[in-house]
Amino acid sequence: MGRINRDQLNEIKSRGKGIIDIRLGKTLVDGEKHLMIGGGTACHASRSEPVRDAIKKEIKKRGLSQRCKVIETGNDSFATLAPVMVIYPEGVYYVHLTPDDVDDIVSQHLIDGKLVERLLYKDATDNDKPIPRMMDIPYFSNQTLITLRNLTLIDPENIDDAIYRDAYQGAAKALIDITTEEIINQVKISGIRGRGGAGFPTGMKWQFAAQAEGDIKYVLCNADEGDPGAFMDRSVLEADPHAVLEGMIIAAKAINAHQGYIYCRAEYPLAIKRLTIAIEQARRYGLLGKDILGSGFDFDLEIYQGAGAFVCGEETALMISIEGKRGMPRPRPPFPAQEGLWKKPTVLNNVETLANIPQIILNGGQWYAAIGTERSKGTKVFALAGKVINSGLVEVPMGMPLKNIVYDIGGGIPENKQLKAVQIGGPSGGCIPSDLLDTVTDYEAITGTGAIMGSGGMVVMDEDNCMVDIARFFMEFCQEESCGKCTPCREGTKRMLEIVTKITEGRGEIDDIATLEELADMVKDSSLCGLGQTAPNPVLSTIRHFRDEYEAHIKDKRCPAHVCKALITYIIVEEKCPGCGKCKRVCPVEAITGEKKVVHKIDPEKCIKCGACIASCKFDAIEVV
Amino acid sequence: MKKITLKMWKKIDGIIQRYKEKSGALIPVLEECQDVCGYLPMEVQERISRGLNIPGSTIYGVVTFYSFFTMVPKGRHTIKVCLGTACYVRGGKANLESIQDEFGVETGGTTGDLRFSLDSVRCIGACGMAPAMVVDDDTYAQVSKQNIMKTLNGYK
């Protein structure tokens, strides 16, 4: 089919109703099964492709191709379980698949209609009880999927699949049914705020750009997701690229732009591949290009590959980078809504923000505003990681307490350890201590703790994490990524890193904390862009909530979490050591001495604190003090 | 150093030609040229400078700003030899030297056939496996002069 109009769009959608109903578990058609195999970057890295190919082959061999369809989705949300597969209509979830499992799935599940028990998800928080259905797994059942609604339901490389799930219906409404004022009004009513981190109201941003004078305007999508450990935007692009394209079409109509760019980091090849396919397919249907859906509105877009610079996630740096220069931020005003790319009025939105827009237009701003807190509306996707049992992408309504995310969805802390803090917002964010775990996911509430909502990184830390060391890690990241244009960020982050490093090495002095705070305030207040303005947050928030740990490092020359190597000593507990000699053999520096069957000793002068002895000791006789 | 062949120059000129009229084309041009040559030596930057009519200093500025660009060729596989204390005392340095001798490559350099780039790293946290070596994404434990070449022969 070539270019389509609105009726034809609806025709495609209605053709897919039966298919989607099967995947939503609503109808049963003669034993028809849809095997949705996860195919995001994490799945591919866990070798999901051989599983996909093997199952396709086996189904064909057994003559089941008519009633069993194998579809690769972009789902890698529960990353630790990859490769995964959901079989609809029953919604059974199989995990950790290998090509060897294919035979059992086909003969037991597809032919005999029996569950393959050993491949089911086992709930580690409930005595490894198997849970067959995906939506009964607490990790999923406690989430609210809007941005990630198509994660397990569509083939991201097939535009028809997306259309079955309402893709481009919001665009049709925006282009044909309602005025540009009404589009902006609905986005304002929805209350959605920028999901890239700063949380600026999207509707207002659009209004400024709409009001700006000029015939040429641009819509940009920021897909330069750079926070270490964060992969929300990558997943959206890999699982549902049409939602982002549609969001950009609607934004373009709202501000009257006809050209757009998606700035995507080159480190995301699969996202770029799927976006490229999506753009080609949308063009073929006339959903991009001239006269979209016969509405008379023109809009097209290109992918622009970032070349690896964290600072290019900052809006002015991103635009300067698209212009082909060193991506260094410039002062604002003028704001991009007045003078952005090529000095033309420009709207820049994050992937997650744009992916929400079609739903907002389709269902109305009120529908979205009903979810969340008074000032933070809708849902937010987080990349939950660290010392938590279930790690992966989680989408929750704004206003959910952190506690619920960590325990109900994340399943709590492994090995019965104590939760110490939750780090939110990556290198721009901060650590929220365990006694503030009732804090809800709300822009203002999180800012109140000294962290920021940020783009969605959420790292859980337990008693074994040293907060000074964490602060040093993020400080090092910011210092390396500082572009060097403004002095406070270039020099300030460097000096702060030196001081924090000195503290972790046991050379801290009592004035260091005050110096850090003073420097941090200066860097925050006087840096040119968001990178520098937020870079001190990890240090400031850890000083605020874990000052005692800093003091222990400085005054007592002690690292309470036993992380900082300069401040710990390895010892052998005499009562426990039978003198087996194992530690002596593995020690790489011959620091351990002792006769067979006699208590051994570690020479602290020689010991490099590598931990090889602890790993080898069967008697727990080696301790870190 | 890897030579830029006549074929490569032709491709580079083709890329420049394609982007010539486009504003903001520098970064995509650099990305595509790096795909062709594997790196962006001065001579390639100068050619792009003339072709796009952009000062060489601007191009050098962009190449050195973004981590994706490199002015030294990278091999198909990256070897990282750990020289953390544990690995160092267990023979990490000798392993590094044997790779240098066998392939005629310096630390930080790349073999003439672009098969390997060689680097040394500070501790990778695998002290119990010392001496350790990482090739691409695979970590190898207890590397020795005896097994090192056998391991590397698996990477073509």
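About the cut-offs
Residues numbered from 1 in each chain as written. Chains lettered and ligands numbered in written order. Predicted model: local features only at pLDDT ≥ 70, side-chain atom pairs only at ≥ 80, totals over all residues. Heavy atoms only, no water. Axes fitted to C-alpha atoms, helices over the stretch in contact; angles between N-to-C directions. Helix = DSSP H or I, 4+ residues; strand = E, 2+ residues; numbered from the N terminus. Parallel < 35°, antiparallel > 145°, perpendicular 65-115°, else oblique. Contact = heavy atoms within 4.5 Å. Nonpolar A, V, L, I, M, F, W, Y, C, P; charged D, E, K, R; others polar. Buried area = accessible area lost by both parts, 1.4 Å probe. Salt bridge = Lys/Arg side-chain N within 4 Å of Asp/Glu carboxyl O. Pairing = 2+ DSSP bridges. Expected span 1.5 Å × (residues − 1). Bend = angle between axes of the 7 residues up to and from the residue. Buried < 20%, exposed > 50% of the residue type's maximum accessible area, 1.4 Å probe, protein only. Domains from an automatic or database assignment. Polar contact = N/O pair within 3.5 Å; in protein donor to acceptor, adjacent residues only side chain to side chain.

Moving on, we come to the packing of helix α11 (residues 232–239) of chain A against helix α15 (residues 351–363) of chain A. Residues and elements named next belong to chain A. One can describe the packing of α11 onto α15 by two numbers: an axis separation of 9 Å at closest approach and a directional angle of 45 degrees. When the axis of α11 is compared with that of α15, the two are oblique. When α11 is examined against α15, the residues Met232, Asp233, Val236 and Leu237 are found in contact with a partner set consisting of Val351, Glu352 and Ala355. Of the residues that constitute the contact of α11 with α15, the class distribution is five nonpolar, no polar and two charged.

Chain A puts 29 residues into the contact, and the matching count from chain B is 21 residues. Counting the surface lost from both chain A and chain B, the interface buries some 1,800 Å², and carbon and sulfur atoms represent 61% of this. When the buried surface of chain A facing chain B is broken down by residue, Ala307, Arg326 and Pro588 of chain A rank first, second and third, together holding 31% of it. Linking chain A with chain B are one salt bridge, by the criterion used here. Close ionic contact of lysine 22 of chain B with glutamate 302 of chain A constitutes a salt bridge, the shortest N to O distance being 3.0 Å.

A few words on the sheet that holds strand β12 (residues 392–397) of chain A. Residues and elements named next belong to chain A. Taken in spatial order, the five strands make up an open sheet running β12-β11-β15-β13-β14, and their pairing is mixed. Each edge of the open sheet is held by one strand with a lone partner, namely β12 and β14 (430–433). The average undirected angle you get between the axes of adjacent strands in this sheet is 30 degrees. Relative to strand β15 (residues 457–462), strand β13 (residues 419–424) runs antiparallel, the two being bridged by five bridges. Paired with isoleucine 424 across the bridge in β15 is methionine 458.

For an α-helix, the turn length of 3.6 residues means that residues three or four places apart are oriented alike. Residues and elements named next belong to chain B. The end-to-end C-alpha distance of helix α5 (residues 85–103), which contains 19 residues, comes to 25 Å, matching closely the 27 Å that a straight helix rising 1.5 Å per residue would cover. A maximum bend of about 70 degrees is found in α5 at glycine 91. Turning to α5, its buried residues number three or more, namely Ala86, Cys87, Gly92, Asn95, Leu96, Ser98, Ile99 and Gln100. Buried residues along α5 sit against β1 (77–82), β2 (116–121), β3 (133–135) and α6 (145–153).

As a further point, take the domain arrangement of chain A. Residue and element names in this part refer to chain A. Per the domain assignment, the segments making up chain A are domain 1 (31–134), domain 2 (159–369), domain 3 (379–462), domain 4 (467–554) and domain 5 (569–624). When each unit is reduced to the centre of its C-alpha atoms, the spacing between domain 3 and domain 4 is 22 Å. Contact with domain 3, which involves 16 residues of that partner, is made by 15 residues of domain 4. Broken down residue by residue, the surface that domain 3 buries against domain 4 is led by Lys420, Pro427 and Cys431, which jointly contribute 42%. Summed over the shared surface of domain 3 and domain 4, the number is one salt bridge. Glutamate 549 is the partner of lysine 420 in a salt bridge, and the nearest nitrogen-oxygen pair spans 2.6 Å. On inspection of domain 3 and its partner domain 4, the count reaches six residue pairs in polar contact (both at pLDDT 80 or more). Among the secondary structure elements, those contributing two or more residues to the side of domain 3 that touches domain 4 are β13 and β14.

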